[in-house]
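# Commentary on secondary and tertiary structure
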Amino acid sequence: MIVFRDTGEVPADFGPSVVAIGKFDGVHAGHRAVIARLNERAAETGARAVAVTFDRNPLAVLRPDRCPENVVSVDRKIELLGELGLDATLLLTFDHELASRSAEDFVAEILVRALKVSTVLVGEDFRFGHGGAGTPELLRALGPDNGFTVEVVDDVYLPEYSRRVSSTWIRELLIQGDVTAAARVLGRYPDVRGEVVHGLKRGRELGFPTANLSTITDAFVPADGVYAGWLVDHDTGLRHPSAISVGTNPTFDDVLVRQVEAHVIGRIGLDLDGLDLYGHDVTVEFVERLRGMVAFEGMEKLAEQMGDDVTDAARVLGVAS
């Protein structure tokens, strides 16, 4: 997938294209349905499949007091979009200049001139342009004179839920620590990515060495607690079953910021004594919450509970510990 970070990067001979516009935060099941329809439409017409999105939530500029935390980082969003068969993504810098553009100018300069759009796909509640004046109805009105049609994509509902799939719902689930339901809404395991850094090495002292991730600042970390999940090592390509801790370690009360740390569960053929993850680029995937974060009376009881956590995580993941 090609990533354009400005309309000036789009080649003059690019297009025609079928375009979906949105924040795509989380690239959840609803977004995936839009992209699937986009790819179908592009294949039917021989056009390029393109997503148009933004480098931040528009509310970060328009109403920072109301802007929610990102579900995923911008880099992760681009990575996820790249897995969906798109030809290109146009990542627009959402600043005051873009916010002040009229809806008509947005259509003329970005969709028509740069992308040579033939079909635009949007959700029913999509708004764009200065003051949110751009609506699906306005797009339909502008389409005939500019050579494009408009398709409004229905909201997505999962079979077992009566609620519309949305990034807001995912945030609520992650705040509750319900990563299992969040995975259903996302269409994948919720995850965070970072570099493995040196910690206090307390887990090693207890017999459960952990890979500590660098501080996560631009992706939504689930509620404090212990989880079963996977550690994906991008440096080696290996995927390790893990017991994952999120929080500030209340037993010792000396960790000032929330941490994500993963203990790799030993398997046959895996030499944990020789496993050195420091400096590695890793993703931690959350599969199921095992328990909340609590303080224990001393290291012995904590170590006992950590042993139980590893056993429970292994059971959830279907591996032998």
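Once that is clear, we can look at the packing of helix H7 (residues 167-176) against helix H8 (residues 179-186). Packed helix pairs are specified by the crossing angle of their axes together with the interaxial distance, meaning the distance between the axes. Their axes nearest at 8 Å, the elements H7 and H8 cross at an angle of 160 degrees. Put simply, H7 runs roughly antiparallel to H8. Two packed elements cross with a definite hand, and for H7 against H8 that hand is left-handed. For the pair H7 and H8, the contacting residues are Trp 169, Ile 170, Leu 173 and Leu 174 in the first and Val 179, Ala 181, Ala 182, Val 185 and Leu 186 in the second.

Counting through the fold element by element, Asn 57 comes out in the loop between strand E3 (48-54) and helix H2 (59-62). From its side chain, Asn 57 meets the backbone nitrogen of Leu 59 in a polar contact 2.9 Å long. Beyond its immediate sequence surroundings of up to four residues, Asn 57 is in contact with Lys 23, Cys 67, Pro 68 and Asn 70.

Once that is clear, we can look at the pattern of salt bridges. The tally for this structure, following the rule as stated, stands at 20 salt bridges. The residue Arg 56 makes a salt bridge to Asp 55 at a minimum N-O spacing of 2.7 Å. On the basis of relative accessibility, which here comes to 34%, the residue Arg 56 falls in the partly exposed class. For the salt bridge of Glu 172 with Arg 163, the shortest nitrogen-to-oxygen distance reads 2.7 Å. You can call Glu 172 partly exposed: its relative accessible area is 31%. The exposure class assigned to Arg 163 is partly exposed, which follows from its relative accessible area of 35%. Bridged by salt links that share partners, the residues Arg 76, Glu 79, Arg 188, Asp 191, Arg 193 and Asp 281 form one connected network.

The subject of this paragraph is helix H5 (residues 103-114). Helix length check: H5, at twelve residues, gives a terminal C-alpha distance of 15 Å against a target of 16 Å (1.5 Å per residue), a fit within 8%. Of all the positions in H5, only Ala 103, Phe 106, Val 107, Ile 110, Leu 111 and Ala 114 are classed as buried. Around the axis of H5, the buried residues are gathered within 150 degrees of arc, so they sit on the same side. Along its buried surface, H5 packs onto strand E2 (17-21), strand E4 (88-92), helix H4 (96-100), strand E5 (117-123) and helix H6 (136-146). Trailing H5 by a residue or two, Lys 116 shows a phi angle of about 50 degrees, which is positive.

All right, on to a negative patch on the surface then. A surface patch of like charges, here negative, comprises Glu 124, Asp 125, Glu 137 and Asp 154. Looking at the element boundaries, Glu 137 is found in helix H6.

Here we come to the pairing of strand E7 (residues 191-197). Here E7 pairs with strand E12 (residues 281-291) via five bridges, running antiparallel. Bridged to Glu 195 within E12 is Asp 281.

Let us look at H7. Helical geometry note: an α-helix holds 3.6 residues per turn, so side chains three or four residues apart project in the same direction. Within H7, burial applies to Ser 167, Trp 169, Ile 170, Arg 171, Leu 173 and Leu 174. Where H7 terminates, the next one or two residues include Gly 177, which has phi positive at roughly 80 degrees.

Attention shifts here to the sheet that holds strand E9 (residues 225-233). Around the barrel, which closes on itself, the six strands sit in the order E7-E8-E11-E10-E9-E12 with antiparallel pairing between neighbours. For this sheet the average axis-to-axis angle between neighbouring strands, irrespective of direction, equals 45 degrees. Pairing of E7 with strand E8 (residues 211-213) involves two bridges; the strand directions are antiparallel. When the bridges of E8 are listed, Val 196 appears paired with Leu 213. Across the face of the sheet, H8 comes into contact with E9 and E12 while running at roughly 125 degrees to E12.

Calculation rules
- Residues numbered from 1 in each chain as written.
- Predicted model: local features only at pLDDT ≥ 70, side-chain atom pairs only at ≥ 80, totals over all residues.
- Heavy atoms only, no water.
- Axes fitted to C-alpha atoms, helices over the stretch in contact; angles between N-to-C directions.
- Helix = DSSP H or I, 4+ residues; strand = E, 2+ residues; numbered from the N terminus.
- Parallel < 35°, antiparallel > 145°, perpendicular 65-115°, else oblique.
- Left-handed = near helix turned anticlockwise from the far one by under 90°.
- Contact = heavy atoms within 4.5 Å.
- Polar contact = N/O pair within 3.5 Å; in protein donor to acceptor, adjacent residues only side chain to side chain.
- Salt bridge = Lys/Arg side-chain N within 4 Å of Asp/Glu carboxyl O.
- Buried < 20%, exposed > 50% of the residue type's maximum accessible area, 1.4 Å probe, protein only.
- Expected span 1.5 Å × (residues − 1).
- Arc of directions from axis to C-beta.
- Patch = residues over 30% accessible without salt bridge, like charges linked within 9 Å, V, L, I, M, F, W, Y side chains within 5 Å.
- Areas by Shrake-Rupley, 256 points an atom, 1.4 Å probe, with all protein chains shown as cover.
- Lys, Arg positive; Asp, Glu negative; His and termini not counted.
- Charge placed at Lys NZ, Arg CZ, Asp CG, Glu CD.
- Pairing = 2+ DSSP bridges.

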